[in-house]
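Report on the structure
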Amino acid sequence: AVIQLFTSQGCSSCPAADKLLGQLRQDPSIVALSLPVDYWDYLGWKDTLALHGHTVRQQEYAQARGDREVYTPQIVVNGVAHVLGSDKAAIEKTIAETRAKDKPLSVPVTLNVAGGKVTVSVPDSASGTDADADVWLCPFASKIPVEVQRGENRGHTLTYYDVVRRWVKLGTWNGKAQTFSVPVADVTPGESDVDHVAVLVQREPKGKPGLMLGAATASLR
């Protein structure tokens, strides 16, 4: 499964979800990513890791589902379902439900880092029905401690795991075998905390993020 946690340093109910993500990421069958959002910044503490694009992405997930559910901590499972980010039992149940219903991660994408390059290979579609998916590269930092000085979490040092620092669109997969290659230096400009990279192959019907077709991670160090 791919689980994406929408979280914020300004959200008092988020630390429990952040801690749980740190546990879930240890499962080799799960790609777990933190996507800090910026819409709680007005409460008195500007999230030091937030990307506005994460806020937009969370809103687009809600639009794609048609439920308008945007909150923190929220986990989006396999691109198609959402659940409270601190509820382990509900997360596990939702992972099982999406596996059975939506058949995610059907495309065995590969990711390699060597010779100063990141190379992604997406094979031919086995079914012929998986065409038109976006291929995203997500550099992430495996562990970032943050001292929160104001807002709801004032005085606490919080640890964030597998934090996505930027999104790089490699291209569109049309069901035919494709290989993408980019220099590592282009993936992590000015971001010394980035030590891993994830690739996501995701359907984006009508321009909104949808089902995860493939995913992989690799170390940059």
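To be clear, the structure that these remarks concern was listed above.
What follows is about the overall build of the protein. Within the protein, the regular secondary structure consists of four helices and 12 strands. Radius of gyration (C-alpha) of the protein: 17 Å, near the 17 Å computed for a compact globule of 221 residues. For the protein, the C-alpha atoms occupy an extent of roughly 50 × 40 × 30 Å along the three principal directions. Within the protein, the fraction of its 221 residues that count as buried is 50%. Pairs at least 24 apart in sequence give 67% of the contacts found in the protein among residues at least 6 apart. Charged side chains of the protein number 23 positive and 24 negative; the gap between the two group centres comes to 1 Å.

This brings us to the sheet that holds strand S6 (residues 117-122). Spatially, three strands are ordered S5-S6-S10 in an open sheet, and the strand pairing comes out antiparallel. A single partner strand is all that each edge strand has here, and the edge strands are strand S5 (110-114) and strand S10 (178-183). Here the average twist between neighbouring strands, direction ignored, is 15 degrees. Bridge analysis of S6 against S10 gives six bridges, and the strand direction is antiparallel. Each residue of the ladder has a partner; that of valine 122, found in S10, is glutamine 178.

All right, on to the nonpolar core then. Leu111, Val118, Val120 and Leu137 are the most contacted members of the largest nonpolar core, which totals 25 residues. For this core, the elements supplying multiple residues, two or more each, are S6, strand S7 (133-147), strand S9 (168-173), S10, helix H4 (184-187), strand S11 (196-203) and strand S12 (212-219). If we skip the residues at most four places from it in the chain, leucine 111 touches Val118, Thr119, Val120, Leu137, Val197, Ala198, Val199, Ala216, Thr217 and Ala218.

This part covers the packing of aromatic side chains. A full pass over the atoms with the stated rule returns four aromatic pairs. Ring centres 6.3 Å apart and planes at 35 degrees place the aromatic pair tryptophan 40 and tyrosine 42 in the tilted group. Here tyrosine 42 falls in the exposed class, since its relative accessible area comes to 63%. Ring geometry for tryptophan 136 against tryptophan 167: centres 5.6 Å apart, planes inclined by 85 degrees, an arrangement best described as edge-to-face. Within this pair, whereas tryptophan 136 is found in strand S7, its partner tryptophan 167 is found in the loop between strand S8 (157-164) and S9, the two being separated by 31 residues in sequence. Taken together through their ring pairs, the aromatic side chains of Tyr39, Trp40 and Tyr42 make up a single cluster. Across from the ring centre of tryptophan 136, 5.9 Å away, lies the NZ or CZ of arginine 57, which sits over that ring.

A few words now on the side chain of threonine 98. Within the secondary structure layout, threonine 98 lies in helix H3 (residues 88-102). We classify threonine 98 as buried; its relative accessible area is 3%. Setting aside chain neighbours within four positions, we find threonine 98 in contact with Val77, Asn78, Val80, Ala81, Lys103 and Pro104.

For glycine 44, the position within the fold is in the loop between strand S2 (31-36) and helix H2 (52-65). Considering only alpha carbons, one finds glycine 44 and glutamate 152, 108 residues apart in sequence, at a separation of 8.3 Å. Beyond its immediate stretch of four places on either side in the chain, glycine 44 contacts Arg150 and Gly151.

This part covers the environment of leucine 170. As for its placement among the helices and strands, leucine 170 is situated in strand S9. You can call leucine 170 buried: its relative accessible area is 18%. Sequence spacing of leucine 170 and arginine 68 is 102 residues, and the spatial spacing of their C-alpha atoms is 29 Å. Excluding its chain neighbours within four sequence positions, the residues that come into contact with leucine 170 are Val120, Val135, Leu137, Phe180 and Val182.

Moving on: the pattern of salt bridges. This model, assessed by the stated rule, comprises five salt bridges. Between aspartate 41 and lysine 46 there is a salt bridge, with the nearest N and O atoms lying 3.9 Å from each other. Between arginine 165 and aspartate 193 there is a salt bridge, with its nearest N and O atoms 3.3 Å apart. Of this pair, arginine 165 sits in the loop between S8 and S9 while aspartate 193 sits in the loop between H4 and S11; the two residues are 28 residues apart in sequence, bridging distant segments of the chain. Given the relative accessible area of 17%, arginine 165 is considered buried.

Rules behind the numbers
Residues numbered from 1 in each chain as written. Predicted model: local features only at pLDDT ≥ 70, side-chain atom pairs only at ≥ 80, totals over all residues. Heavy atoms only, no water. Helix = DSSP H or I, 4+ residues; strand = E, 2+ residues; numbered from the N terminus. Rg over C-alpha atoms; globule rule 2.2 N^0.38 Å. Buried < 20%, exposed > 50% of the residue type's maximum accessible area, 1.4 Å probe, protein only. Contact = heavy atoms within 4.5 Å. Lys, Arg positive; Asp, Glu negative; His and termini not counted. Charge placed at Lys NZ, Arg CZ, Asp CG, Glu CD. Pairing = 2+ DSSP bridges. Axes fitted to C-alpha atoms, helices over the stretch in contact; angles between N-to-C directions. Core = buried A, V, L, I, M, F, W, Y, C linked by side-chain atoms within 4.5 Å. Phe/Tyr/Trp six-rings, centres within 6.5 Å; stacked < 30°, edge-to-face > 60°. Lys NZ or Arg CZ within 6 Å of the ring centre and 35° of its normal. Salt bridge = Lys/Arg side-chain N within 4 Å of Asp/Glu carboxyl O.

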